[in-house]
Amino acid sequence: MKTSIFKQTIHELCMDFLEFLEVSIDENPESFPCTIAYINFLCELKEKGIETNLDSIDSVLMDKVYRELSDFLKH
């Protein structure tokens, strides 16, 4: 029972963060240059029929995206 409540609580918190970030990126794109560039890059690849995911992208770029998002959440 405790594990189930723990998982549900974490899930709800993550969904709140997700919603907050989605709205923030939409309303403040200047605060997310790496994230938006990464998204545009993935969209362009998909349009050309090239499927990819987070694991196949350069870790330096992903580190910048994670840092950008976490820095925004700290404010």
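Look up a bit, the structure's there.
Residues numbered from 1 in each chain as written. Predicted model: local features only at pLDDT ≥ 70, side-chain atom pairs only at ≥ 80, totals over all residues. Heavy atoms only, no water.

Student: Honestly, a negative patch on the surface in this entry has me stumped. Any pointers?
Tutor: Together, Glu12, Asp16, Glu19 and Glu22 make up a region of like negative charge exposed at the surface. The topology assignment puts Glu22 in helix H1 (residues 2–27). (Patch = residues over 30% accessible without salt bridge, like charges linked within 9 Å, V, L, I, M, F, W, Y side chains within 5 Å. Areas by Shrake-Rupley, 256 points an atom, 1.4 Å probe, with all protein chains shown as cover. Salt bridge = Lys/Arg side-chain N within 4 Å of Asp/Glu carboxyl O. Lys, Arg positive; Asp, Glu negative; His and termini not counted. Charge placed at Lys NZ, Arg CZ, Asp CG, Glu CD. Helix = DSSP H or I, 4+ residues; strand = E, 2+ residues; numbered from the N terminus.)

Student: Help me understand the pattern of salt bridges in this model?
Tutor: Two side chains carrying opposite charge are able to pair once their charged atoms lie near each other. Per the counting criterion, the structure on display carries two salt bridges. With a closest N to O distance of 3.3 Å, Lys48 and Glu44 form a salt bridge. Given the relative accessible area of 44%, Glu44 is considered partly exposed. Notably, a salt bridge pairs Asp71 with Lys74, separated by 3.9 Å at the nearest N-O pair. Taken as a pair, Asp71 and Lys74 lie in helix H3 (residues 59–74) at a separation of three residues, close to a single helical turn. (Buried < 20%, exposed > 50% of the residue type's maximum accessible area, 1.4 Å probe, protein only.)

Student: Help me out: how do you make sense of the side chain of Ser24 in this one?
Tutor: Inspection of the secondary structure puts Ser24 in helix H1. At 2.8 Å, the side chain of Ser24 and the backbone oxygen of Phe20 are in polar contact. Setting aside residues up to four positions removed in sequence, Ser24 forms contacts with Pro29, Phe32 and Phe72. (Polar contact = N/O pair within 3.5 Å; in protein donor to acceptor, adjacent residues only side chain to side chain. Contact = heavy atoms within 4.5 Å.)

Student: Any chance you could explain the environment of Asp26 here in plain terms?
Tutor: Inspection of the secondary structure puts Asp26 in helix H1. Relative accessible area serves as the criterion here: at 64%, Asp26 is assigned to the exposed category. Each C-alpha atom, one on Asp26 and one on Ile36, is 9.8 Å from the other, the two residues being ten residues apart in sequence.

Student: I would appreciate a short explanation of helix H2 (residues 33–47) in the present structure.
Tutor: One turn of an α-helix holds 3.6 residues; hence residues three or four places apart share an orientation. Taking 1.5 Å of rise per residue, 15 residues should cover 21 Å, and H2 covers 21 Å from first to last C-alpha, within 8% of that figure. Burial in H2 covers these residues: Thr35, Tyr38 and Leu45. Considered in projection along H2, the buried side chains sweep an arc of 95° and stay on one side of the axis. Seen from the buried face of H2, the exposed residues on the opposite side, beyond 90 degrees, are Pro33 and Glu47. Here the buried face of H2 lies against H1 and H3. Just downstream of H2 lies Gly49, where phi reads positive at about 80°. (Expected span 1.5 Å × (residues − 1). Arc of directions from axis to C-beta.)

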